[in-house]
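Tertiary structure, described
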Amino acid sequence: MADRVTVIGWDGSPLTAAAHAALGAATLVAGAAHHLALPEVPPAAERVRLGSLALAARRIAAHRGTAVVLADGDPGFFGVVRSLRAPEFGLEVEVVPAVSAVAAAFARAGMPWDDAQVVVAHPRTLRRAVNVCRAHTKVAVLTAPGAGPAELGLLLDGVHRTFVICEELGTEREQVTVVTSDKAADHSWRDPNVVIVIGGTAGPGVAGEGGGWTVGRDPGTAPRGWVQPDETYGTLGEGETQLLRAAQLARLGPRVGDLVWDIGCGGGAFAAEAARAGAAVIAVDRDGDACARTASAARRFGVQLQVVHGTAPHVLENLPEPDVVRVGGGGAAVVSAVADRRPQRIVTHAATRDAAELVGRDLTEHGYRVECALLQSVELDTRDWTETERNVAFLLSGVLPDRAP
C-alpha cells in the first residue's frame, strides 16, 4: 500500500505550499493529461493517466512510495476522494482542496448558489439531471462528454431555460457564454464545462433577502402535508379528492430526478403536489380550462411544471419518458397506452369493480404487478358528528418488477 496518498485540487490558480511539498515528494502522480503536464510534477515520478478511477485506485494501493492524485476543483465534491476511500481499496487520503467548479461557475456568473440544486450529468444520469432542471429554478450541472449543454438543451424541449455555460474554468481557454436552452444545440462546447440552468418562477422555499438556512429549497416555507385541502384548488373532479390524492402519491412516491405524467390533470391538485415533492411534472388535459387551473395551482405553490393541452393517448406520443404516471382520466385505453411506455409505476382509479378489473387485467398483461383497493372516505361535521360527504373509489396501482423501485 502507498505510504501516503495526497489528493490535490486544482482550479487554475498557483499551487499552495502544501500542494508543492506533496508533489515534490511524490513517487507516483495520477491525474488527467493537463495535470500530468504541470511543471511541478517530478520528472522521475511514475505517471498514471486517470481514466477508470477503480483501476487508478488499484495502482495507487499497490504502489510502494508516496502518491499524489491531481483533480480539478474540490476533489471532495463529486470528486475522486469518494472513490479512493472506498473500502475495497483501503486508502486513507489527505486532501488539499481548491475552489469547486460549481463555486467558480457561480462566481463567474456573479450569483449566489446556496439555493441551487447540483447534479452530475453523464450518459447514464442525463435524463434524471434534465428532470431536475425541469423541476427547479436554479441548477448547476457538472457535465461529461455525451451529456453536455447540447444534450441538456435538446432534452428540455418545450421548457424554456437560460444556460450559463462555463468552459474550461481556471485555464487560459476559459469562456463563459449565456444562451437560451433551445439554442444550446447550435454550438460546440469544450470539455470540461459546468452549466448553470436558470428559469421558471421562484416561489415559496426559494431563499429571499438574507438567505435561507439550508442548501437548496427551504422546506420550511411550504405548507405542511403531502396534499392540501380540496378547497385550496377551487374546482376539482370526482377523482381528485384529498384522500385519494394522498393514496396516489403514496403509491407513486415521486422524488427528485423523476418525471411524472399527470394525465387528466383537472384542477391541478395532484400535479402541484407531485412537483412539491421535487419531481418534474408534465400535466396533460384535453380541457383548456383544466390546463389553466393547473398552471394557476403551480404558480400558487411556486412549483415548476409543464402543462400540455391535448387528448390522450395521442398527445403522449412525443412526451419524454416518464418514471411514474397518474391516469386521472381517459379510462382503460389511456392506461394501456401508458403501460406501453413502461414507466416504473402507474396509478389510476375506477368507479366500479368491473372497470377496475378491466384496467387491472390490461396492466397484468403488460407485465405489471397489480394491486387494487376499495377506498371509502366519509367526511364528518365535527360540530355534531354528522356525515357531510362520502366518496368511494377503486384505487389501482401497477409496479413494473424489472424497473422497481
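Residues numbered from 1 in each chain as written. Predicted model: local features only at pLDDT ≥ 70, side-chain atom pairs only at ≥ 80, totals over all residues. Heavy atoms only, no water.

Before going further, it helps to examine the pattern of salt bridges. Following the criterion strictly, the structure yields 18 salt bridges and no others. Among the ionic pairs, Arg128 bridges to Asp258, the shortest N-O distance being 3.3 Å. Here Asp258 lies in the loop between helix H8 (242-252) and strand E11 (259-263) and Arg128 lies in helix H6 (residues 126-135), a separation of 130 residues in the sequence. A salt bridge links Asp262 to Arg326, with the nearest nitrogen and oxygen atoms 2.5 Å apart. (Salt bridge = Lys/Arg side-chain N within 4 Å of Asp/Glu carboxyl O. Helix = DSSP H or I, 4+ residues; strand = E, 2+ residues; numbered from the N terminus.)

This brings us to the packing of aromatic side chains. Taken as a whole, this structure holds four aromatic pairs when the rule is applied. Here the aromatic rings of Phe77 and Trp113 are separated by 6.5 Å at their centres, their planes lie at 70 degrees, and the arrangement is edge-to-face. Taken together, the residues Phe77 in the loop between strand E4 (66-72) and helix H4 (80-84) and Trp113 in the loop between helix H5 (101-109) and strand E6 (117-120) connect sequence positions 36 residues apart. Look at Phe77 and you get partly exposed, because its relative accessible area is 29%. With a relative accessible area of 30%, Trp113 lands in the partly exposed category. Three or more aromatic residues link up through ring pairs in this structure, and these residues are Phe77, Phe78, Phe106 and Trp113. (Phe/Tyr/Trp six-rings, centres within 6.5 Å; stacked < 30°, edge-to-face > 60°. Buried < 20%, exposed > 50% of the residue type's maximum accessible area, 1.4 Å probe, protein only.)

Taken together, Val378, Leu380 and Trp385 make up a surface patch of nonpolar side chains, about 310 Å² in accessible area. Along the chain, Trp385 falls in the loop between strand E16 (369-381) and strand E17 (386-399). (Patch = residues over 30% accessible without salt bridge, like charges linked within 9 Å, V, L, I, M, F, W, Y side chains within 5 Å. Areas by Shrake-Rupley, 256 points an atom, 1.4 Å probe, with all protein chains shown as cover.)

This part covers the side chain of Arg134. By the secondary structure assignment, Arg134 is in helix H6. As a buried residue without a salt bridge, Arg134 has its nearest oppositely charged side chain in Asp157, at a separation of 7.0 Å. Among the polar contacts made by the side chain of Arg134, one reaches the side chain of Gln306 at a distance of 2.7 Å. What Arg134 contacts, discounting residues up to four positions off in sequence, is Leu155, Leu156, Asp157, Val159, Arg161, Ala280, Ile282, Gln304, Gln306 and Pro320. (Lys, Arg positive; Asp, Glu negative; His and termini not counted. Polar contact = N/O pair within 3.5 Å; in protein donor to acceptor, adjacent residues only side chain to side chain. Contact = heavy atoms within 4.5 Å.)

In this section: the sheet that holds E17. With mixed pairing, the seven strands of this open sheet are ordered in space as E13-E12-E11-E14-E15-E17-E16. Only two strands of the sheet have a single neighbouring strand rather than two, namely strand E13 (306-309) and E16. For this sheet the average axis-to-axis angle between neighbouring strands, irrespective of direction, equals 20 degrees. Here strand E12 (residues 280-285) runs beside E13; their pairing, made up of four bridges, is parallel. Considered in E13, the bridge of Asp285 is made with His309. (Pairing = 2+ DSSP bridges. Axes fitted to C-alpha atoms, helices over the stretch in contact; angles between N-to-C directions.)

The analysis is restricted to geometry; functional conclusions fall outside its scope.
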